[in-house]
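Here is what each chain is made of, one letter per residue.
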Amino acid sequence: MYYYKENLDIAKNRKLYENMIDMEHHIVKIDKEINWNYLYKLIEPYYRSTVGRPSIDPLILVKILLIQYIEGFRPVRFTCKQVKQNATYRWFLGFHLIEKYLVIRLFQSFLIIV
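The rules behind each value
- Residues numbered from 1 in each chain as written.
- Predicted model: local features only at pLDDT ≥ 70, side-chain atom pairs only at ≥ 80, totals over all residues.
- Heavy atoms only, no water.
- Helix = DSSP H or I, 4+ residues; strand = E, 2+ residues; numbered from the N terminus.
- Buried < 20%, exposed > 50% of the residue type's maximum accessible area, 1.4 Å probe, protein only.
- Areas by Shrake-Rupley, 256 points an atom, 1.4 Å probe, with all protein chains shown as cover.
- Salt bridge = Lys/Arg side-chain N within 4 Å of Asp/Glu carboxyl O.
- Axes fitted to C-alpha atoms, helices over the stretch in contact; angles between N-to-C directions.
- Parallel < 35°, antiparallel > 145°, perpendicular 65-115°, else oblique.
- Left-handed = near helix turned anticlockwise from the far one by under 90°.
- Contact = heavy atoms within 4.5 Å.
- Nonpolar A, V, L, I, M, F, W, Y, C, P; charged D, E, K, R; others polar.
- Phe/Tyr/Trp six-rings, centres within 6.5 Å; stacked < 30°, edge-to-face > 60°.
- Patch = residues over 30% accessible without salt bridge, like charges linked within 9 Å, V, L, I, M, F, W, Y side chains within 5 Å.

Enquirer: Give a description of the overall build of the protein chain that names residues and reports values.
Expert: Scanning the protein chain from N- to C-terminus turns up seven helices and zero strands. The order of helices and strands in the protein chain, counted from the N terminus, is α-α-α-α-α-α-α. Burial statistics for the protein chain: of 114 residues in total, 37% are counted as buried. Accessible surface, the protein chain: about 7,700 Å² in total, of which carbon and sulfur atoms supply 57%.

Structure below.
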């Protein structure tokens, strides 16, 4: 089942981080330049099924790959740990302050498929 975070939810969550992140950070600049709605249109055909439990928002997985590539993180565990600890990365992903982060095993499964 296809699930994605609403833009309004992401905007609310990002508002919480405004005083904690550097707006000049390269991840913040990249986020302003990319049209993420276009990516949703590209991946939607692969998530048409209405059977099963809702998926993790695929955009989050793509953004984590982008963080991993840009920052040069190699191990998946280290990348997931950084996403958990770094406010800028959580802002970029649209996570709430108290929202649970990704399980390492899920991200590893995504990497195998890609």
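Enquirer: Can you tell me about the pattern of salt bridges, naming the residues and giving the values?
Expert: Any two side chains of opposite charge can pair, given that their charged atoms come close. Going through the model one piece at a time under the given rule, you end up with two salt bridges. For E24, the salt bridge identified is with K29, shortest N-O distance 3.6 Å. Under the relative-accessibility criterion, E24 is labelled exposed at 54%. For D31, the salt bridge is made with K63, and the minimal N-O distance between the two is 3.9 Å. In this pair, D31 sits in helix α2 (residues 26-33) while K63 sits in helix α4 (residues 58-71), placing the two residues 32 residues apart along the sequence. For the pair D31 and K63, a shared accessibility class is recorded, and that class is buried.

Enquirer: Which residues make up the environment of I64, and what values do they have?
Expert: Here I64 lies in helix α4. Through-space distance from the C-alpha of I64 to that of C80 is 8.3 Å; in sequence the pair is 16 residues apart.

Enquirer: Go over the packing of α2 against α4 with me, naming the residues and quoting the values.
Expert: Orientation of α2 relative to α4, taken along the N-to-C sense of each, is 135°, at an axis distance of 12 Å. The orientation of α2 relative to α4 falls into the category oblique. Helix-helix and strand crossings are classified by hand; for α2 and α4 the assignment is right-handed. In this structure, α2 uses H26, I27, I30 and D31 to contact α4, whose residues at the interface are K63, L66, I67, I70 and E71. When the residues that make up the contact of α2 with α4 are grouped by side-chain class, the tally is five nonpolar, one polar and three charged.

Enquirer: Any chance you could break down the packing of aromatic side chains for me, citing the residues and the numbers?
Expert: A complete count under the given rule lists three aromatic pairs for this structure. Taking the centre distance of 5.9 Å and the plane angle of 70° together, the rings of W36 and F92 count as edge-to-face. Within this pair, whereas W36 is found in helix α3 (residues 36-43), its partner F92 is found in helix α6 (residues 87-93), the two being separated by 56 residues in sequence. F92 matches W36 in its accessibility class, with the two residues each being buried.

Enquirer: How would you summarise a nonpolar patch on the surface if you had to cite specific residues and measurements?
Expert: On the surface, L16, M20, L97 and I98 cluster together into a nonpolar patch covering about 410 Å² of accessible area. Tracing the backbone shows L16 in helix α1 (residues 7-17).

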